[in-house]
Amino acid sequence: MRILRAIFSHGSGRIGGFIVGIYLLIAVLGLLGLTPHNPITQYRIDRLHPPSAAYWMGTDLFGRDVASRLMAGIGQSFTVAFFSVAFATLAGTILGLAAAWLGRRWDGVVMRLMDVLLAFPAILLALLIVTVAGPGIWTSVVAIGIVYTPIFTRVVRGPALSLKAREFVDAARTFGSSSSYIVTRHLLLNLVAPLTVQVTLALAWALLTEAGLSFLGLGTQPPAASLGLMLSDSRNLMETAPWLMIFPGLTIMVSILGFNLLGDALRDILDPRMRRVPA
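Keep in mind the model is a prediction, meaning the values are calculated, not measured.

When you look at the pattern of salt bridges in this model, what are you seeing that I'm missing?
Any two side chains of opposite charge can pair, on the condition that their charged atoms come close. Throughout the structure, instances matching the rule amount to eight salt bridges. Between Arg-64 and Asp-60 there is a salt bridge, and its shortest N-O distance comes to 2.8 Å. A residue is classified by how much of its surface remains accessible, and Asp-60, at 10% relative accessible area, is buried. One salt bridge in this structure joins Arg-69 and Asp-60, with 3.9 Å as the shortest N-O distance. Taken together, the salt bridges that share partners define one network made up of Asp-60, Arg-64 and Arg-69.

Rendered as C-alpha cells:
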C-alpha cells in the first residue's frame, strides 16, 4: 500500500498508473470475451462503417467491429508482453546472479553470450528467431523473451557484484550460510527495486516488439486480433477508412507512454537518493 500511495503522489506515476490500470482492465475484458461484438464475426453488410453509436470505432474491411477487436488485441498483446517479460526476467536474473556469484570463467562465458545477443537490434533478432521457429503467439513470447534477457542479465549482474563484496555477505559466509541462502536472501532481495523498474520499462518495449512482429505477419495470426495486425490490415485503407489506422496506432502509443511514465515514477520512488515515499 505504501508504494501505491507513493506512485499516486508522483505526477508521472499517477498518469502512468491510471493508463496502465485502464489498459489492464480492457485486456482482462478482451481476454474474457466481454466485448460489444464478437471480434472475429464478419458483418459484410456493415463493412467499412465509420464510427457510430452501433460501432464506436467503426468496422473494418470484413465488417468486424474495430472496438471489439481492439479490446481483444490489447488482451492478446498484453499476454505476449507479460509472458515474454516474465521469461526474460527469470532467465536474466538467474544468469546475472550466476555470473556475479560464480565469477571467473562462468562470468566471462555468460557475459560474452549476452554481448552477442545485444549486438543484434532487438526487432531483427526477434524476426530471426520467429522466422526459424515459425510464426505464432508462443513463438513470439520466446523470441521477445530471448531478445530482452541480456538487459536483465546486465541489470542483475552489476549490483550483484557490488553486493557480493559487502560486509553483510562476508558475515553471512562467516556464520556458515550456504551459497543459495546468501544469493536469495542477501543478493536477490536487494535487487527487487531495479528489477521492478526494469520490468515496467521492458513491458513497453515488449508491446512495441510484439506489435512489430504482428505487423509483419510473424506474430498473432488471423483471424485473431492484434494491435500490430490491425495496423497492417489498415495500410491500403488509410484514405478511405482512416479510423482503421488511427485507433490501433493511438492504442499502442498510449500504452507505451503509460508504462514509461510508470517506470520513471518507480525509478524515482525506489532510488534511495530520490525517494519520495511519504512517511
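Just checking my understanding: could you explain helix H4 (residues 104-118) for this structure?
Residues that lie three or four places apart on an α-helix share one face, since the helix turns once every 3.6 residues. Relative to the 21 Å expected for 15 residues at 1.5 Å per residue, H4 spans 21 Å between its end C-alpha atoms, a close match to the ideal helical length. Buried within H4 are the following residues: Asp-107, Val-110, Met-111, Met-114 and Leu-117. Mapping the buried residues of H4 onto a view down its axis gives an arc of 110°, with all of them on the same face. Exposed and facing more than 90 degrees away from the buried side of H4 are Arg-104, Arg-105 and Val-109.

How should the packing of helix H2 (residues 11-31) against helix H3 (residues 66-102) be read in this particular structure?
Any two packed helices are characterised by the angle at which their axes cross and by the distance between the axes. Direction vectors running N to C along H2 and H3 enclose 105°, while the axes themselves pass 7 Å from each other. When the interaxial angle is binned, H2 and H3 end up roughly perpendicular. The segment H2 lies against H3, with Tyr-23, Leu-24, Ile-26, Ala-27, Leu-29, Gly-30 and Leu-31 engaging Met-71, Ala-72, Ile-74, Gly-75, Gln-76, Phe-78, Thr-79 and Phe-82.

I tried to follow the UniProt feature "domain: ABC transmembrane type-1" (unreviewed entry) in the protein chain on my own but got confused; where do I start?
The UniProt record annotates "domain: ABC transmembrane type-1" (unreviewed entry) at residues 74-263. The annotated region residues 74-263 carries 81% helix and 0% strand content, and the separation between its end C-alpha atoms amounts to 20 Å.

In this structure, what is going on with the packing of aromatic side chains? I would like to understand it.
How two aromatic rings sit relative to each other is set out by the distance from centre to centre and by the angle between their planes. According to the stated counting rule, one finds five aromatic pairs in the structure shown. When the ring of Phe-78 is compared with that of Phe-259, the centres are 5.8 Å apart and the planes differ by 45°; the resulting orientation is tilted. Placement of the pair is Phe-78 in helix H3 and Phe-259 in helix H11 (residues 243-270), with a sequence separation of 181 residues. Both residues of the pair, Phe-78 and Phe-259, belong to the buried class. Plain terms: the ring middles of Tyr-148 and Trp-205 are 5.9 Å apart, the flat faces sit at 35° to each other, and that makes the pair tilted. With Tyr-148 in helix H6 (residues 137-164) and Trp-205 in helix H9 (residues 192-215), this pair connects stretches of sequence that are 57 residues apart. Residue Tyr-148 is classed as buried on the basis of its relative accessible area, which comes to 7%. An aromatic cluster is present here, built from Tyr-23, Phe-78, Phe-82 and Phe-259 joined pairwise through their rings. Taking NZ or CZ as reference, Lys-164 lies 5.9 Å from the ring centre of Trp-101, over its face.

Any chance you could explain the environment of Ser-178 here in plain terms?
With respect to the helices and strands, the residue Ser-178 is situated in the loop between helix H7 (167-174) and helix H8 (179-188). Classification of Ser-178 as partly exposed rests on a relative accessible area of 38%. There is a polar contact of 3.2 Å between the side chain of Ser-178 and the side chain of Ser-180.

Please explain the environment of Val-147 as it appears in this structure.
Its place among the elements puts Val-147 in helix H6. Apart from residues lying up to four places away in sequence, Val-147 is in contact with Ala-122, Leu-125 and Ala-126.

Criteria and cut-off values
Residues numbered from 1 in each chain as written. Predicted model: local features only at pLDDT ≥ 70, side-chain atom pairs only at ≥ 80, totals over all residues. Heavy atoms only, no water. Salt bridge = Lys/Arg side-chain N within 4 Å of Asp/Glu carboxyl O. Buried < 20%, exposed > 50% of the residue type's maximum accessible area, 1.4 Å probe, protein only. Helix = DSSP H or I, 4+ residues; strand = E, 2+ residues; numbered from the N terminus. Expected span 1.5 Å × (residues − 1). Arc of directions from axis to C-beta. Axes fitted to C-alpha atoms, helices over the stretch in contact; angles between N-to-C directions. Parallel < 35°, antiparallel > 145°, perpendicular 65-115°, else oblique. Contact = heavy atoms within 4.5 Å. UniProt positions renumbered as here; feature names shortened; annotations may be inferred. Phe/Tyr/Trp six-rings, centres within 6.5 Å; stacked < 30°, edge-to-face > 60°. Lys NZ or Arg CZ within 6 Å of the ring centre and 35° of its normal. Polar contact = N/O pair within 3.5 Å; in protein donor to acceptor, adjacent residues only side chain to side chain.

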